[in-house]
Amino acid sequence: MTAKLYKLVITGIFNAGKTTFVNTLSDIEVVNTDKTVSHLDEASIKPTTTIALDYGNVKIDDNVNVHLFGTPGQVRFDFMRDILAKGMDGFVFLIDSTDSKNLSKATETLALFKKNTNIPYILVANKADLNGLSIAEIRKQLNLTEDQPLVSCNALDKDSASAVVKQLVAIIEENS
Ligand SMILES: Nc1nc2c(ncn2[C@@H]2O[C@H](COP(=O)(O)OP(=O)(O)OP(=O)(O)O)[C@@H](O)[C@H]2O)c(=O)[nH]1
Ligand SMILES: [Mg+2]
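Here the structure is a predicted model, which is why all the values come from computation and not from measurement. (Residues numbered from 1 in each chain as written. Chains lettered and ligands numbered in written order. Predicted model: local features only at pLDDT ≥ 70, side-chain atom pairs only at ≥ 80, totals over all residues. Heavy atoms only, no water.)

1. Observations regarding the coordination of the magnesium ion (ligand 2)
Around the magnesium ion (ligand 2), the protein contributes the donor atoms T19 (OG1) and T50 (OG1), which lie 2.0 Å from the metal centre. Placement of T19 in helix α1 (residues 18-25) and of T50 in strand β3 (residues 48-50) is noted, with a sequence separation of 31 residues between them. Note on T50: relative accessible area 5%, which makes it buried. (Donors = N, O, S within 2.8 Å, 3.2 Å for Na, K, Ca; no water. Helix = DSSP H or I, 4+ residues; strand = E, 2+ residues; numbered from the N terminus. Buried < 20%, exposed > 50% of the residue type's maximum accessible area, 1.4 Å probe, protein only.)

2. As for the site of ligand 1
In the vicinity of ligand 1, 18 residues are found, and the nearest of them are K18, T20, K46, T49 and D129. K18 is positioned with one of its side-chain polar atoms (N or O) 2.7 Å from an oxygen atom of ligand 1. At 2.8 Å from an oxygen atom of ligand 1 is found a side-chain nitrogen or oxygen belonging to K46. Protein coverage of the free-state accessible area of ligand 1, which is 650 Å², stands at 83%. At 3 residues, the largest contribution of residues to the shell around ligand 1 is made by α1. (Near = heavy atom within 4 Å. Polar contact = N/O pair within 3.5 Å; in protein donor to acceptor, adjacent residues only side chain to side chain. Areas by Shrake-Rupley, 256 points an atom, 1.4 Å probe, with all protein chains shown as cover.)

3. Digging into helix α3 (residues 78-85)
Within α3, the full set of buried residues consists of M80, R81, L84 and A85. Angular distribution of buried residues about the axis of α3 spans 135°; they occupy a single face of the element. Lining the buried residues of α3 we find β1 (4-12), β5 (64-70) and α4 (103-114). Just beyond α3, the residue with positive phi is G87, at close to 75°. (Arc of directions from axis to C-beta. Contact = heavy atoms within 4.5 Å.)

4. Thoughts on the sheet that holds strand β4 (residues 54-61)
With mixed pairing, 6 strands are arranged side by side in an open sheet as β4-β5-β1-β6-β7-β8. Pairing within the sheet leaves two strands with one partner each, and these edge strands are β4 and β8 (150-152). In this sheet, adjacent strand axes meet at a mean angle of 25° when their direction is disregarded. In terms of strand pairing, strand β6 (residues 90-96) meets strand β7 (residues 121-126) through 6 bridges, oriented parallel. Within β7, the residue paired with V92 across the bridge is I122. (Pairing = 2+ DSSP bridges. Axes fitted to C-alpha atoms, helices over the stretch in contact; angles between N-to-C directions.)

5. So, the packing of α1 against helix α6 (residues 158-175)
When two helices pack together, their arrangement is given by the angle between the helix axes and the distance between those axes. Contact geometry for α1 and α6: axes closest at 9 Å, N-to-C directions at 100°. By the angle between their axes, α1 is roughly perpendicular relative to α6. Taking contact as the criterion, the partners of F21, T24 and L25 in α1 are, on α6, K158, A161, S162, V164 and V165. Here the contact of α1 with α6 is built from residues that sort into 5 nonpolar, 2 polar and 1 charged. (Parallel < 35°, antiparallel > 145°, perpendicular 65-115°, else oblique. Nonpolar A, V, L, I, M, F, W, Y, C, P; charged D, E, K, R; others polar.)

6. Quick word on the packing of aromatic side chains
Within this structure, the stated rule accounts for 3 aromatic pairs. Ring geometry for F91 and Y121: centres 5.2 Å apart, planes at 15°, overall stacked. Taken together, the residues span a long stretch of sequence, with F91 in strand β6 and Y121 in strand β7 at a distance of 30 residues. Residue class for Y121 comes out buried when judged on its relative accessible area of 13%. (Phe/Tyr/Trp six-rings, centres within 6.5 Å; stacked < 30°, edge-to-face > 60°.)

In structure tokens form, the structure reads like this:
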């Protein structure tokens, strides 16, 4: 049987953990496009940021192969999200559970990405290994409906990132 091939986009706001997620999960050497952060506020958070994309690939079981495309997070690269989203089968939206002050920004970005599409997605409370907001708190603050899937993840851990992708693939397959 030929393996199924899915294109998934890993997105979210600045510093959510998108590049880390792709790097941790990929079976192949990843293409990253991180460059030095020029904006002072953001440079105080971390030195580099994705300016175009991250690309990796993972085989999640004998029958399913996944292309992983990580987007930039900075607002000025928003146009790259639309480019990377073309032809996607689903998307992972990472939320930094330790960054409570930017939850409304995450909500706005999610709304932009979901606009005019019924593509399956999964919301992820990332950095679950740190002392951030719980799933219940994020669910409440984002005003999520029952049917919106939200799971926790530690993007530094391959099993944790893999579990997220497996859940999204299950949602895609249920919907197809
Ligand atoms: N402890 C912990 N740190 C994480 C996790 N995910 C990402 N990080 C850290 O968070 C920081 C940002 O991670 P990146 O992967 O660069 O985030 P990004 O979303 O790609 O950032 P931009 O491309 O700049 O938008 C890095 O220092 C990572 O090591 C996680 O699950 N747990
Ligand atoms: Mg990145």
